[in-house]
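Coordinates in review
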Amino acid sequence: MNYAELFCQSHFSFLQGASSPQELVQQAAELGYSALALTDECSVAGVVRAYRHINEQQLAIKLIIGSYLRLDKLQLVLLCPDKQAYSELCRVITNARRRSSKGNYQLTEWDLMSIRHCLLLWLPDGDADSDAHWANWLQKYHTGRLWLAMRRELNHNEAAFHAYCQQLAQQYQLPQMCCGAVLMHTPERLALQHCLSAIKAGKPIAELGRHLLSNTERALRSISKLQKLFAAAWLEQSCLIANRCSFSLDELKYQYPSELVPEGETASSYLAKLVSSGAKLRFPDGVPERIQAIIDKEMALITELKYEYFFLTIYDLVQFARKQHILYQGRGSAANSVVCYCLQITAVDPAKIQVLFERFLSKERDEPPDIDVDFEHERREEVIQYLYSKYGRERAALAATVISYRFKSALRDVGKALGLPVSQLDFLVKNIQRRDPALSWQQQLTTLGLDTDSETTQQLVQLVEQLRGFPRHLSQHVGGFVISQGPLYELVPVENAAMADRTVIQWDKDDLETMKLLKVDVLALGMLTAIRKCFALVKQHFQHDLSIAGISVLGDDPAVYQMIQHADTVGLFQIESRAQMSMLPRLRPRNYYDLVIQIAIVRPGPIQGNMVHPYLKRRHGEEAVEYPSEEVKGVLGRTLGVPIFQEQVIQLAMVAAGFSGGEADQLRRAMASWKKTGELLQFKHKLIDGMQSRGYAKEYAERIYQQICGFGEYGFPESHSASFAVLAYVSAWLKYYYPAAFCAALLNSYPMGFYSPSQLLQDIRRHGVTVLPVCINASDWDFTLQQQGKAIRLGLRQVKGLSEAGALQLVKLRPAAGYRHIQQLRQLGLSRSDLQALASANALSSISGDRYNSRWQLQDTQYSLPLFSAGSEVAESTSAYLLPPGPVQNVLEDYAATGLSLLQHPVALLRQAGKLVRSIPAAELGKVRHKSLVRVSGLVTLRQRPGTAAGVTFMSLEDETGTTNVLVWLATAQAQQKSFLTARILQVDGILEREGEVTHVIAGKLVDLSALLAELSTSSRDFH
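This write-up is about the structure you can find in this document. The shown structure was predicted, so the numbers you read here are calculated from the model rather than taken from an experiment.

Burial runs high along strand β1 (residues 4-8): 5 of the 5 residues are buried. Pairing of β1 with strand β2 (residues 35-38), which is carried by 3 bridges, proceeds in the parallel orientation. Along β2, the bridge assignment pairs E5 with L36. Taken together, β1, helix α1 (residues 21-30) and β2 constitute a β-α-β crossover, and its handedness is right-handed.

The next point concerns helix α23 (residues 558-565). Along an α-helix, residues three or four apart share an orientation, since each turn contains 3.6 residues. Of all the positions in α23, only V560, Y561, M563, I564 and Q565 are classed as buried. Where the residues of α23 are buried, they touch α24 (578-587), α25 (592-601) and α33 (718-737). One or two residues past the end of α23 sits A567, with phi positive at roughly 60°.

All right, on to the state of the cysteines then. Per the counting criterion, the structure on display carries 0 disulfides. With no disulfide of its own, C178 lies 7.3 Å from the sulfur of C179, the closest cysteine sulfur. The thiol of C743 is not disulfide-bonded; the next cysteine sulfur, from C534, is found 10 Å away. Owing to a relative accessible area of 4%, C743 belongs among the buried residues under this scheme.

The subject of this paragraph is helix α10 (residues 267-282). Along its 16 residues, α10 runs 22 Å from first to last C-alpha, staying within 8% of the 22 Å computed at 1.5 Å per residue. Of the positions making up α10, those classed as buried are A267, Y270, L271, L274, V275, G278 and A279. Check the buried side of α10 and you find it contacts α11 (289-304), α12 (308-323) and α13 (338-342).

By the definition in use, this model includes 36 salt bridges. In this structure, R221 and E217 form a salt bridge, with 2.9 Å as the shortest nitrogen-oxygen distance. Overall, the relative accessible area of 6% leaves R221 in the buried class. Accessibility expressed as a relative area gives 6% for E217, which makes it buried. The salt bridge partner of E893 is R851, with a shortest N-O separation of 3.8 Å.

Another point: the packing of α24 against helix α27 (residues 612-619). For the pair α24 and α27, the least separation of the axes is 10 Å and the interaxial angle reads 30°. Judged by the inter-axis angle, α24 sits roughly parallel to α27. Each of M583, R586 and L587 in α24 lies in contact with α27, whose residues at this interface are V612, H613, Y615, L616 and R619. By residue class, the composition of the contact of α24 with α27 is 5 nonpolar, 1 polar and 2 charged.

Attention shifts here to the pairing of strand β11 (residues 471-483). Relative to β11, strand β10 (residues 396-404) runs antiparallel, the two sharing 8 bridges. Within β11, the position partnered with T401 by the bridge is S475. Sheet topology note: the β11/strand β14 (residues 519-525) ladder contains 3 bridges and is antiparallel. Counterpart to V482 in the pairing with β14 is K519.

Looking now at the nonpolar core. Membership of the largest hydrophobic core comes to 131 residues, with the highest contact counts inside it found for Y86, W122, L249, F311 and W507. The element best represented in this core is α12, accounting for 9 residues. When residues no more than four places from it in sequence are discounted, the contact partners of L249 are V47, V48, Y51, I65, Y86 and M515. In this structure, V602, W733, L747 and I776 belong to the second largest nonpolar core, which totals 101 residues.

Let us look at the packing of aromatic side chains. Inspection of the entire model under this criterion finds 23 aromatic pairs. Taking 6.2 Å as the distance between ring centres and 25° as the angle between the ring planes, the aromatic pair formed by Y696 and Y700 counts as stacked. Relative accessible area serves as the criterion here: at 8%, Y696 is assigned to the buried category. Of the residues examined, Y700 reaches a relative accessible area of 12% and is grouped as buried. Of note, R282 hangs over the ring of Y341, and the distance from its end group to the ring centre comes to 4.2 Å. One residue, R393, lies across the ring of Y388, its end atom 3.6 Å from the ring centre.

This part is about the sheet that holds β1. The strand order β1-β2-β3-β4-β5-β6-β7 describes an open sheet built from 7 strands, whose pairing is mixed. Each edge of the sheet is formed by a strand with only one pairing partner; in this case those strands are β1 and β7 (176-178). The mean angle between the axes of side-by-side strands here comes to 30°, regardless of whether they run parallel or antiparallel. As paired strands, strand β3 (residues 62-71) and strand β4 (residues 74-79) are joined by 6 bridges and run antiparallel to one another. If you follow L69 over to β4, its bridge partner there is L76. Across the sheet, helix α2 (residues 47-57) is in contact with β2 and β3; its angle to β3 comes to roughly 165°.

Rules used in this analysis
- Residues numbered from 1 in each chain as written.
- Predicted model: local features only at pLDDT ≥ 70, side-chain atom pairs only at ≥ 80, totals over all residues.
- Heavy atoms only, no water.
- Buried < 20%, exposed > 50% of the residue type's maximum accessible area, 1.4 Å probe, protein only.
- Helix = DSSP H or I, 4+ residues; strand = E, 2+ residues; numbered from the N terminus.
- Pairing = 2+ DSSP bridges.
- Right-handed = clockwise from strand over helix to strand, strands pointing away.
- Contact = heavy atoms within 4.5 Å.
- Disulfide = S-S within 2.5 Å.
- Expected span 1.5 Å × (residues − 1).
- Salt bridge = Lys/Arg side-chain N within 4 Å of Asp/Glu carboxyl O.
- Axes fitted to C-alpha atoms, helices over the stretch in contact; angles between N-to-C directions.
- Parallel < 35°, antiparallel > 145°, perpendicular 65-115°, else oblique.
- Nonpolar A, V, L, I, M, F, W, Y, C, P; charged D, E, K, R; others polar.
- Core = buried A, V, L, I, M, F, W, Y, C linked by side-chain atoms within 4.5 Å.
- Phe/Tyr/Trp six-rings, centres within 6.5 Å; stacked < 30°, edge-to-face > 60°.
- Lys NZ or Arg CZ within 6 Å of the ring centre and 35° of its normal.

Shown next as structure tokens:
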């Protein structure tokens, strides 16, 4: 006797199913089921994962696609016997989801009436009137495709319900079958299922009572047990229904949008024409023979794999951006394509890097290439709406991102389900430290007041570990658009996102890759916004027309690279972090390709693969550069024999071990996930044996393999780095030649980057740029340039609590001679909160003196009387008896109102007050000898612990002269945890170390000085 489970929900029935699609098909196959239908509620979000797992593990089980749907008291399972039925199901799910807000659905009778191909399993509700209505209705529209589904959950009064269902079947002549209504792959998941039910209900488990499953019968059960529970005819019927379902996801064939090809052209001829004209633009002196050979090779493969429409789609997108003057930058593997360069999708000149087209597209891989395009983050919405308007909501939608439970969210939700007080959970979430790999969170529970021997605590630990990684809901991908020739809902259901005017499909990027669906990544990049705004300021104040291409064509500027070598990179793209600043004086980039290496080498992959020090030694002549063969030299010559980029690993496998392009790409994929799957191990013998058979020493082959393992999940592609290096150099060039404009552009594009406005302005002041305070008569909403472009005026956007609408009104109606009285501001209709925000920021000082007087005058209500509201000007009298705020009060209020102060640095105030005894200013550390004992103090602006840092935390302390870099060892952080984690102003006693221009302090004693300026409103960038 065989069995097919035709009603099974995975954890993609959010907060209902307690097992993954992979676990369910694996368990069903091990139990000997002939088929399993994955039927999540109004969803097919998990089917691709089940499909992929069956194929990868070669499981002997059929996957049937379906969905569970509810309409009032009607419960149905829809199954897909063929491709038409699958498209029908996707349409029904799409309609139901699109009628409702994110996470909900609204089914209608019309949806069910329109079904012509799906098979239906009806689950009676037990309400006689309702069931009678639906039995007649279903028979009317779905005769021959309808079964009454019998369940056995061994609940109270089940015998009577079974007799009732059988009576219904006889009365309405409905064939019967059996199903498990499965929510778990094994009975051991019952506790987790209870927990999920409690989370969904928003109540503790203890309060749900009969609303919880009473036993484990909704797990996958053995066939022998099912034979005891169900009639043989019902079991057989399940298999007969399964046999009618021949549809497989293999049948889904994606069609690219085709309307981009003009009449009289084919996709191939049109793409060839665009590439040819683009090549003439990119290479005005003629296309080099080597480049033309690459173009011919790429075009032949693109034509063979029929990807012309894909490239035309991306080309159309970037042409729209160009016409709208939206800055963009193609990156990712597209930088390995000369065709993409000619189509102006990427700005990376193939002559400047080693192009590896197999990284981008290969015949063996047979899947769409990955092209990421970054657009200005403030204007990306224009590009998104262009896609929607061009292809329509039926044909374009965002890919999904599965939001999964992480530790904190799992702890909080499980704790609530177990009835723990919210205050206790807040305490646990705040105080459990996850940054110490040697100290598990379970070990910390005792010190935080939980009895680890209690049943509740043990349940908490077990359930949190089980829940971590479980999906919570579907969200929208950051920019991955799926576009199709026909209605997208025929391929996959579409639903509403939380954000207005956004629709998402029910599959994520991994599912799309499995199904070979086109995904166009429309991403946002803040630096592009800042560069465009900087160009505009330079045009306005200096009458110079700048462009990314124009700056790049000027070549490598020694003065700009000298600035980079000295790590003067605050605010620059990609090379502004602590780690990059430490590496820059050591690597000392002198040209574009050095910058490509610089960006890639400060990554976990090269660090874990032990590639950084060998490269630096060879670069500075401290170690000989040797190559075991000319082929290897061709691959590693530009990085001095050390593999730094992901492409180099792939090329090494090809030239040294005999891998084909497709096999090398499989190696790349294995590298990307080897820590999770161990797939990389299967390539070890092929790589080492292949290298040895071609004459390479076993020791060298072993070393290459170990370096590949070191790359782990963090191998950084040269193509990414090459794209980033273009923007890194352009941002550096702008900072060097137009420092005020560049800084203002960064601030007008905020939030973005690594540094706060306060840090950016302090840095620019150290470069000799004057910064002027916020003022109602001189400031616009944005930061502006004044004094012939040599000074920056703070923008009203920096004032906390000031609405943008109020600020724009103030600027729009500002008299030519400026505002003279606070009453004029009242007459603008500004809200009280806007006026108070302006006063607190001292923006009214030009008309009312200091901020104390401004607030005092705002309190005077006589000017709101009808007599004064008619527009008469009144000269408000200042309150001379009010003492002006002192230096400390002004600084504190500046930080509270704007997050920065142009008066004095808080640390300078403490130093002047004698509170920082023996603390050495940051600017004077360069005079201190290596290995000296020092004391430093400053605002904590950064705490960062990279995964490769072996527990070391990098901290930045800012004082009035600059920034001090502090290294805190793990033991030091553990022993002084409170000061380490919570101090806003920190004093550090430690040892100064220096390597070349790189100086840092190894922390010993940490002292929290925050109480000295307790009211100071500052924050650090912690563990990003």
